[in-house]
Structure formats: structure tokens, C-alpha cells
Amino acid sequence: MTTHHITVTVNGEAHEADVEPRLLLVHLLRDTFGLTGTHVGCDTSNCGACTVHVDGQSAKSCTILAVQADGRSIKTIEGMATGADLHPLQQAFWDQHGLQCGFCTPGMIMQSAWLLADNPNPSEAEIREGISGNLCRCTGYVNIVKAIQQAAGEMAAAAETQTGAPVAAG
Amino acid sequence: MIPGQFDYVRPGSLDETLRILKDREGEAKLLSGGYSLLPLIKLRLAQPGLLVDLRDISGLDGISETDDYLTIGAKATHRQIHEAPVVADRYPLLHDVTAVIGDPQVRNWGTIGGSVAHADPASDWPAVLLAANATIVCRSQSGEREIAAHDFFVDTFQTAIEPTEVLTEIRFRRRPRGQGGAYEKLERKVGDFATVAVAGIVRLGSDGRIEGAGIGVTGVAETPFAATDAEAVLTGNAPSDALFRQAGLAAGAQSRPAADVRGPVEYKRAMTAEMTLRALRRAVERALAYA
């Protein structure tokens, strides 16, 4: 089988690789690029632990081929913090005890980030619907929802400070 | 799970795609969003020799309404369809179904054409296409072919598409006044395939009677099917809960469920009847609201 030369931007950095067509994006990230923050959970596109952003859209990286990512921009959990400053979602998961074992957390945070980019002021129901493709077997989701609510509030406040414009109420 | 080996190609045009399909007939499989196909490849239930990625084929993801049709390009994602203003405003059945396919990540990438061509016996779109008897448009090197949904879903994972054809668009007849539709899905948990789901469409005449009805059912037979017995029960009669229950029983009787982890045969027949009842209730409400 032939390999394909691909160029992928991951967390703002250009990467190149020669890949077999059957290589999954999650394995490209973990095994080829060493970015092991993205987890393999069920490996059947159910659990969402492998969620990353592909061209800004959340995706389950166990269900996309690495060749499909050619020319695209990927964001993983490693791209969320700025230096030592955690992303508001990462801080909120910490503050609200939004994790126990932590296995689902990278995918949960990436899906939450996509949700808040799409809908900066979601209701509790919209949060629960938004993370319905991500399974957590520890928390019962209550603290995850609280964490996303905290982050949404902080991110909206930060956006207001930045632009000086009031943020539309839900 | 590591998929078996296959070749991969990303053609730049539809003509090139059709030529590849002809050259590698029977060996090539089209890749769109991948959320139906890749899980099967990973399980090695599908082992294509060549994946043809449709990513660079432009013009296949439009959503537009004309005087006669609502046309949806095969590459339109579930999410794009859900968010299209024309769908949100006037096609509640399509708006319903695109909210409950898989989960948000699946809806970001999965496409209507991929889902329909894949023809999983418990997938959502086929029920909607059957209820509407939509037209599935396919292209090959010999030209374009239109296939009615009622003739399209042949068997489990089998459709009327030829190996040398590409599904290019789905055409729904434009919604007339007095028509409404609804989708009711019973699932064990969010993101699961349907235990059973029913798409119902009702068109009311000026006398308030049901002039035409379409019922598509998924999850309870070897392939999604049109519940034609239930449609016959409805046509010509005034809408009522009693009539909808009768239609539900007819749909349940026409189903051919298999007992599995989602329940025994009797339960699935009963739930087919119940989902039919619920879909019809909401379809009629919507038909009345669009008089």
C-alpha cells in the first residue's frame, strides 16, 4: 500500500508526516506527534474521549483518517492553555471538580470549547445536549455542567472587557 | 481498532470520481463524512480496496428550494441542514431528524448522502425519505438517474445505487399548505441507533380530512420501510387519536423486528405503533399550523 504525504497544522504548528491511508487521526496525534492528551476511549465513536477540533468543528478523532486531516487545522487539549495560564474551561473543571478519573476530560473540554464557540451563553439543557456525545463514567455530569457554566460566564465577561461592548443576554 | 489496508484517493472533480469508480468497479467505496463507513471499516465488516474521498468535489452541499422541490446536496452535513433557514422555517420533519442523528460531533461531519447511501437498517434519514417518497439522484458516466425512495432501500446496507454511481442530491417535493411532518425516535440513550423511529407526514384537504399520508419506519426490519398499510388506513379519513392508533397497529403489523438488546419482538411492534401515533399527532398539529 502506498503512503501519503500530509501537512497538518496542530495547535498552530505545521506538521508533516507520511501516513498509511488506514492510520486514524487519533493515532497520528498520539503516536506520530506525541500529543497523548487526546485519549482513545471506546474506539467506536461513542464516548467522545478523542474529541478534537478539525477546522474549528468538533470531531471524534478515532473516526477520521489522518489523510482526511491533510491541509486542515487541528486543535487538541495541548493547545488550550497559554503558557502556564489554563484556559477558562480547564480552570473551571479544576474549580468545580468536573472530573474524577480524568479520562474523559480532554474530550469533554474540547467539546465544551466547541459548544461555547457556537453558543456562548448556553442553558443547562443546551450544555447537556452539547456534551451528549461525550461519556463520563465517574461524575454523573453535575460538576461538568457547573464547570462549563462557570467557564461560559468568565469567557463572556472577558469578551465584554475586550470589546467594551455588552454581551447579549440569553 | 486498526482498519485493514486500503488505497486512498482524493479526486478533484465529479468526472474524475466517476472515472475512478468505473476503473475500480466493485472495489471502490466513497468517503464523505466517514461517520457511518469508518466504524464498519474498523470492525472489518467493510473492507474496500479503495476509498474515494469526496472532500474536494464542490457543488454537492447546497440546500435550496424552488417552486417544486427542496433540494439537498449529498455532502450537506446533518448540522448544515438543521441550521438552514428554509429547513428551520418550513420543514419541521427535517429539522426534527437532524437534531437526533448520532450526537453533536457526528452531526458536524456526517452527511445526508453518506447516511442514505450507507442504508443502515436503523438509521434516521431513510425513514424521512420514505415518508416523503423523496427522489434520490445519482450520477454515473452514462448520466443522471432518479430513484424514488420507495425503490431505493433494497436490503440491509443495500440500496439501488450501482457501484459506478455517485449519489449527488436528495429532492423533496416542496411542502404544500396543509402539510406537516414529524419524527419520533425511541432510543436507549442519546446517540444510540433507534430502537424504532417513525417519520410521519400528513396532508390535510380543505374539508379537514387526510388527503395524503406518508409513514417511514426504521429500526424494525431488515431495512427501513414505508408503512403502506398505515398510510392506507389514514388516507381519506378525518384525523383522530383513534385513527392514529389504528394506523400505528398497521405499522407495527407491517414491521419485521428482530429480538436483540433493544428488546423483544412484541415490544418493538408495540413501540412502532406508539411512535407512529406520536408522529401523527405532531404532524397534524403542524399541518394545521401551516394551513
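You'll find the structure just up there.
Presented here is an overview of the structure given in this document. (Residues numbered from 1 in each chain as written. Chains lettered and ligands numbered in written order. Predicted model: local features only at pLDDT ≥ 70, side-chain atom pairs only at ≥ 80, totals over all residues. Heavy atoms only, no water.)

Comments concerning the side chain of glutamine 150 of chain A
Residues and elements named next belong to chain A. Relative to the helices and strands, glutamine 150 resides in helix α5 (residues 142-163). A distance of 2.9 Å separates polar atoms of two side chains, one belonging to glutamine 150 and the other to aspartate 95. What glutamine 150 contacts, discounting residues up to four positions off in sequence, is Ala92, Asp95 and Gln96. (Helix = DSSP H or I, 4+ residues; strand = E, 2+ residues; numbered from the N terminus. Polar contact = N/O pair within 3.5 Å; in protein donor to acceptor, adjacent residues only side chain to side chain. Contact = heavy atoms within 4.5 Å.)

So, the interface of chain B and chain A
In many analyses, interface size is given as the accessible surface area lost on bringing the parts together. Residue-level contacts link 31 residues of chain B with 36 residues of chain A. Of the roughly 2,800 Å² buried where chain B meets chain A, counting both sides, 52% is carbon and sulfur surface. Three residues stand out in chain B for area buried against chain A, namely Tyr8, Gln105 and Trp109 of chain B, and they jointly supply 22% of the buried area on that side. At the junction of chain B and chain A, the tally comes to five salt bridges. Notably, a salt bridge pairs aspartate 43 of chain A with lysine 42 of chain B, separated by 2.6 Å at the nearest N-O pair. Here chain B and chain A share 19 residue pairs in polar contact (both at pLDDT 80 or more) between them. Only β1 (7-9), α2 (37-42), β3 (50-53) and α6 (104-109) of chain B provide two or more residues apiece to the side of chain B that touches chain A. Counting residues per element, the side of chain B that touches chain A draws most heavily on α6 of chain B, which supplies five residues. (Buried area = accessible area lost by both parts, 1.4 Å probe. Salt bridge = Lys/Arg side-chain N within 4 Å of Asp/Glu carboxyl O.)

Concerning the side chain of lysine 60 of chain A
Mapped onto the elements of the fold, lysine 60 of chain A is located in strand β4 (residues 57-60). Reaching out from lysine 60 of chain A, the side chain makes a polar contact with the side chain of aspartate 103 of chain B at a distance of 2.5 Å. Ignoring any residue separated from it by four or fewer positions in sequence, one finds lysine 60 of chain A in contact with Ser45, Asn46, Cys47, Gly48, Cys50, Thr51 and Gly133 of chain A together with Tyr35, Asp103 and Gln105 of chain B.

Considering a nonpolar patch on the surface
All names here are of chain B. The grouping of Met1, Leu43 and Leu45 at the surface amounts to a nonpolar patch, some 300 Å² of accessible area in total. As for its placement among the helices and strands, leucine 43 is situated in the loop between α2 and β3. Judged by relative accessible area, which is 48%, leucine 43 ranks as partly exposed. (Patch = residues over 30% accessible without salt bridge, like charges linked within 9 Å, V, L, I, M, F, W, Y side chains within 5 Å. Areas by Shrake-Rupley, 256 points an atom, 1.4 Å probe, with all protein chains shown as cover. Buried < 20%, exposed > 50% of the residue type's maximum accessible area, 1.4 Å probe, protein only.)

What about the pairing of strand β13 (residues 210-218) of chain B?
All names here are of chain B. For β13, the buried fraction is high: eight of the nine residues fall into the buried class. One ladder, built from eight bridges, connects strand β12 (residues 196-204) with β13; its direction is antiparallel. Within β13, the position partnered with alanine 199 by the bridge is glycine 216. Once β12 ends, the chain turns through five residues before running back antiparallel as β13, passing glycine 208 with a positive phi of about 85°. Looking at chain direction, β13 and strand β14 (residues 225-226) are connected through two bridges and run antiparallel. Across the sheet, residue glycine 216 finds its bridge partner in β14, namely alanine 226. (Pairing = 2+ DSSP bridges.)

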